[in-house]
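Examination of the molecular architecture
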Amino acid sequence: MSTRTDQLTLNVNLQAFGQRPSAWQFGDDAADALITPGHWIASAQAAERGLLDAVFFADQPVLHNPNPRPGSQLEPIALAAFITAVTEHIGVIASASSTYNDPVELAERLLGTDVVSGGRLGWNIVTTYNSRVSGNFGGGETPARAARYRRAGEFVEAVRAVWGAAAGDGRFRFDGEDVRVNGRTALGPSAQGAPVLFQAGGSEQGRELAARHAEGVFSVELTLPRAIENYAALKRRASALGRSRGLPRITPGLSLVIGSTVEEARRRFDEFESRVPDGYALGSLSNVLAHDAATLELDAPIPAEILDKPWDPDEHPTSAGYRLTFLDWIQERRLLSVREILRDFGGYGSRIIVGTPEQIADDMELWFHSGAADGFNLMIDRFPEGLVTFADEVVPLLQGKGIHKREYGHSTLRHTLGVAAFRAD
Ligand SMILES: Cc1cc2nc3c(=O)[nH]c(=O)nc-3n(C[C@H](O)[C@H](O)[C@H](O)COP(=O)(O)O)c2cc1C
């Protein structure tokens, strides 16, 4: 089966109360809403109403929340099992770290959940740079990027070996440098064979991993030209490795604040922003600059020596892809003051559109038809209402353009995404 390329791949990143850091301060959600079933049911059902392909969960395997906002503490594979039980069609893509898991145990947990969900699970492969995590696993320093990705490559092969065994005689064996497994699984394949593979992480090593294994990629892209360049490069790399045409599906994050007029959207955005603590974005800016942004003069541009400082991705622990993309974006604004940069940083890690349903649908179509994206991982300002607005106002426009489905034709996530059944080799 060749990959379907005429329609958007649309996932939604279910981030707690919403992507806006102040989302939890609006509406009448109870303080404990994130640990009640109702919140997740309402958000997942809104996603299904919009005929989205999947809901997506990030995961930081760390038991404390450093942000001045409530975050979900629920583990994504547990949430996936729950969400697929209260919905009919939509898939769930759960992030899980290859640095801090055991491959056989994770392979079985993912496949088991895929089996009971009727083949609606995806795994987003992440390598985790968050330095707070390693302590949770009894460790000291976070392994360097090269070591994390070396393990990730072997880890994915070991997971695939287990899934392949589930479709065969149950026996698996993989001998790598860091990862060695040899055993037997009692599980059989799911309705889609095994979970869909997504990947997030845009360094050279991250792209290699995606080109080799991923059916979908969650990327960070801020400008159309750079997105087109990266899109073509990744498809070329995957094709050179013998992957099917169209793989992997590339879905950059896209943050949305929707209003029926531009003014209304802007008002909604300003209301969210007015309740974000001062300096909230300084941490992200510090990551991008590899420099403590709190020491910068707010009303002056970022000094050239900081912007132009050569850097070695291997020495920079956070995401190389994210950093490069944002540095590009900041370079284009190098005459703006730090205060102005922080104001425009509104996507908090993704491109943002504050606008009408028409503007949003036109923009999505432009990126799709320009060869910049196969779809998007949507970042919604506040759940579930922002997602209901997307489903009711933007989805019909996308359908009118012929780039979004009108119904779910099939029940497995692989069918919904138009990617082939799992094969171990
Ligand atoms: C868009 C995006 C989403 C990510 N989501 C997660 C996540 O949910 N959990 C996690 O541990 N790491 C996450 N990461 C971190 C990556 O897995 C990786 O460790 C990091 O980005 C460094 O790799 P890179 O330089 O290849 O980007 C994410 C990275 C990106 C770019």
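Residues numbered from 1 in each chain as written. Predicted model: local features only at pLDDT ≥ 70, side-chain atom pairs only at ≥ 80, totals over all residues. Heavy atoms only, no water.

Condition: UniProt positions are given in the numbering used here, feature names are shortened, and annotations may be inferred rather than shown by experiment.
Per an unreviewed UniProt entry, the protein chain is named Nitrilotriacetate monooxygenase component A, and its organism is Mycetocola reblochoni REB411. Per UniProt, the protein chain carries the Sequence similarities (unreviewed entry) text "Belongs to the NtaA/SnaA/DszA monooxygenase family."

Remarks on the overall build of the protein chain
Heads up, the condition is: Going along the chain from the N terminus, every DSSP run of H or I of four or more residues is numbered as a helix, and every run of E of two or more is numbered as a strand. We compute the radius of gyration from the C-alpha atoms alone; for a globule the expected value is 2.2 Å times N to the 0.38, where N is the number of residues. Classification of residues uses two cut-offs on accessible area relative to the type maximum, computed with a 1.4 Å probe and protein chains only: under 20% is buried, over 50% is exposed, and between them is partly exposed. Pairs of residues are marked as contacts when any of their non-hydrogen atoms sit within 4.5 Å. Only the protein chains shown count as cover for residues, and the accessible areas themselves come from Shrake-Rupley with a 1.4 Å probe.
Of the regular secondary structure elements, the protein chain holds 15 helices and eleven strands. In terms of C-alpha radius of gyration, the protein chain reaches 21 Å, essentially the compact-globule figure of 22 Å for 425 residues. Along the longest, intermediate and shortest principal axes, the C-alpha atoms of the protein chain span 65 × 45 × 45 Å. Taken over 425 residues, the protein chain has a buried fraction of 54%. Counting only contacts in the protein chain whose residues sit at least 6 apart along the sequence, the fraction spanning at least 24 positions is 78%. Accessible area of the protein chain: about 17,700 Å², with a carbon and sulfur share of 51%.

Description of the domain arrangement of the protein chain
Rules: The start and end points of each domain follow an automatic or database-based domain assignment. Here the buried area means the combined drop in accessible surface, using a 1.4 Å probe, for two parts upon being joined, counting both sides. Salt bridges are defined by distance alone: a side-chain nitrogen of Lys or Arg within 4 Å of a carboxyl oxygen of Asp or Glu. All residues other than Ala, Val, Leu, Ile, Met, Phe, Trp, Tyr, Cys, Pro, Asp, Glu, Lys and Arg, Gly among them, are scored as polar; the first ten of these are nonpolar and the last four charged.
Split into domains, the protein chain comes out as domain 1 (9-273 + 349-417) and domain 2 (282-343). Contact residues are listed per partner, giving 13 residues for domain 1 and 15 residues for domain 2. Taking both partners together, domain 1 and domain 2 bury about 1,200 Å²; carbon and sulfur atoms supply 55% of that area. Considering only the side of domain 1, the residues that lose the most area to domain 2 are Tyr129, Arg145 and Leu222, jointly responsible for 44% of the buried surface there. With a closest N to O distance of 3.0 Å, Arg226 and Asp328 form a salt bridge. Considered class by class, the residues forming the side of domain 1 that touches domain 2 number three nonpolar, six polar and four charged.

Here we look at the layout of surface pockets
Rules: Put simply, the grid is 1 Å and covers the protein atoms alone, a cavity is a trapped set of points that fit a 1.4 Å probe, a pocket is an open set with protein on both sides within 12 Å along at least five of seven lines, and lining residues have an atom within 4 Å of a point. Grid points are joined across faces, edges and corners, and a volume is the space filled by probe spheres set on the points.
Size it by volume and the second largest pocket reaches roughly 690 Å³. Lining the second largest pocket are 30 residues, with Glu273, Leu342, Arg343, Asp344 and Phe345 positioned closest to its centre. When contributions to the lining of the second largest pocket are tallied by element, the ones reaching two or more residues are helix 8 (262-274), helix 11 (320-331), helix 12 (338-344) and strand 10 (351-355). Looking at the lining of the second largest pocket residue by residue, the class counts come to 15 nonpolar, five polar and ten charged.

Concerning the UniProt feature "binding site: FMN" (unreviewed entry) in the protein chain
Taking the numbering used here, the UniProt-annotated feature "binding site: FMN" (unreviewed entry) corresponds to Asp59, Tyr149 and Ser203. We classify Asp59 as partly exposed; its relative accessible area is 21%. The residues touching Asp59, leaving out its near neighbours within four places in the chain, are Pro76 and Ser95. Secondary-structure assignment places Tyr149 in helix 5 (residues 145-166). Aside from chain neighbours lying at most four places away, what touches Tyr149 is Thr127, Gln199, Ala200, Gly201, Ser203, Gln205, Gly206 and Leu209.

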